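Chain and residue survey
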Amino acid sequence: MRPLGFLGLGLMGTPMALRLVRAGTPLVVWNRTPSACEPLRDAGADVATDSAEVFARADVVLLMLANAGAIDAVLRRGTPAFAGLVRDRTVVHMGTTAPEFSRGLAVDVHAVGGRYVEAPVSGSRVPAEQGALVAMLAGTDDAVAAVRPLLAPMCREAVPCGAVPGALLTKLAVNLYLVTMVTGLAEAFHFAQRHGLDLDVVRAVLDAGPMASDVSRVKAAKLVAGDVTAQAAAADVAYNARLIVDAARGAGVASPLVDVARALFAETVAAGRGADDMVAVLGAIEARTLSGEARDPG
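The notes below deal with the structure included here. (Residues numbered from 1 in each chain as written. Predicted model: local features only at pLDDT ≥ 70, side-chain atom pairs only at ≥ 80, totals over all residues. Heavy atoms only, no water.)

**Remarks on unusual backbone geometry**
Cis geometry is found at the peptide bond from Val164 to Pro165, where omega equals 5°. Here the phi dihedral of Arg76 falls at roughly 55°; this positive angle occurs in a residue that is not glycine. Secondary-structure assignment places Arg76 in the loop between helix H4 (68-75) and helix H5 (81-86). The backbone phi angle of Asp88 is positive, close to 65°, even though this residue is not glycine. Residue placement: Asp88 occurs in the loop between H5 and strand S5 (90-93). (Helix = DSSP H or I, 4+ residues; strand = E, 2+ residues; numbered from the N terminus.)

See below:
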């Protein structure tokens, strides 16, 4: 049985790949930083010497790479080597990039005889560890049908989203809600703290009420504890917010809430907190208060 390929072992890629290998999936992995491969080696995955070895050994290769530049570099896109890597292979793009980048990559993969599936996921590090991610799939019907069952160890749901780039556009819509929701949650705790409220009480009310969700419960606990250990890093959220705004502008769509959230996350990253969890956006809100930005909106 030929193994499944996996490229990109970062904050999300490592727990995702571990879920696969622990479920018994034969796996061959590679990462540009070799030390990131060690947990996978220890779990029983094969570690390749380079990305070309992964493509040589696997018919389906999952990409969980940081951005478009990383994908192009790893696939050697724009060079003669690209065709040799992806011909007769299924490339599964599981990260988050601009939808138009993915559309162009799909065209290039198909042009050299490969197959392409978008499969971005909704969820952060903890759902990745639990196998509770939600995948969005786009591509031809046969390619999606072949890839969908392979994702089961990582994802509790895998939802078809039509043609490329339907999955990434769906992911951006979902992320718009996530980014603005967590920003609002951080602002709520800032408001409560500035009014001298007991944050544990505020958290208890939120957790017990109709607005509670898995995300709000986890992020509220982090806000109360001051825990910024990254589950979804602020820099990644800032990147996602920029993709959302760019896609909105490209379609002539207003995005007033995420415009503000994007600015706050940019301020968070500029303050040196990009590696912290997204709840670190609280610091940007606090900085605006301290700067005297609180004004009567009327």
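Still more ground to cover, so stick around.
**Some thoughts on helix H1 (residues 13-22)**
Most of H1 is tucked away: eight of the 10 residues are buried. Buried residues of H1: Gly13, Thr14, Pro15, Met16, Ala17, Leu18, Leu20 and Val21, and no others. Contacts made by the buried residues of H1 are with strand S1 (4-7), strand S2 (27-30), helix H2 (38-43), strand S4 (60-63), helix H7 (125-130) and strand S8 (133-137). Gly24 sits one or two residues past H1 and shows a positive phi near 95°. (Buried < 20%, exposed > 50% of the residue type's maximum accessible area, 1.4 Å probe, protein only. Contact = heavy atoms within 4.5 Å.)

**Focus on the sheet that holds S8**
The mixed open sheet is built from three strands, whose spatial order is S7-S8-S9. Either end of the sheet is taken by a strand with one partner, and the two such strands are strand S7 (121-122) and strand S9 (155-160). Of the pairings in the sheet, the one linking S8 to S9 comprises five bridges and is parallel in character. By the bridge assignment for S9, Leu137 is matched with Pro160. Together, S7 and S8 form the strand contacts of helix H9 (residues 166-194), whose direction differs from that of S8 by roughly 140°. (Pairing = 2+ DSSP bridges. Axes fitted to C-alpha atoms, helices over the stretch in contact; angles between N-to-C directions.)

**A word on the pairing of strand S6 (residues 115-118)**
Relative to S6, S5 runs parallel, the two being bridged by four bridges. Of the residues in S6, the one forming a bridge with Val91 is Tyr116. Where the polypeptide runs from S5 across helix H6 (residues 99-111) and back to S6, its parallel neighbour, the crossover connection is right-handed. (Right-handed = clockwise from strand over helix to strand, strands pointing away.)

Remember that the coordinates give geometry; whether it matters functionally is a separate question.
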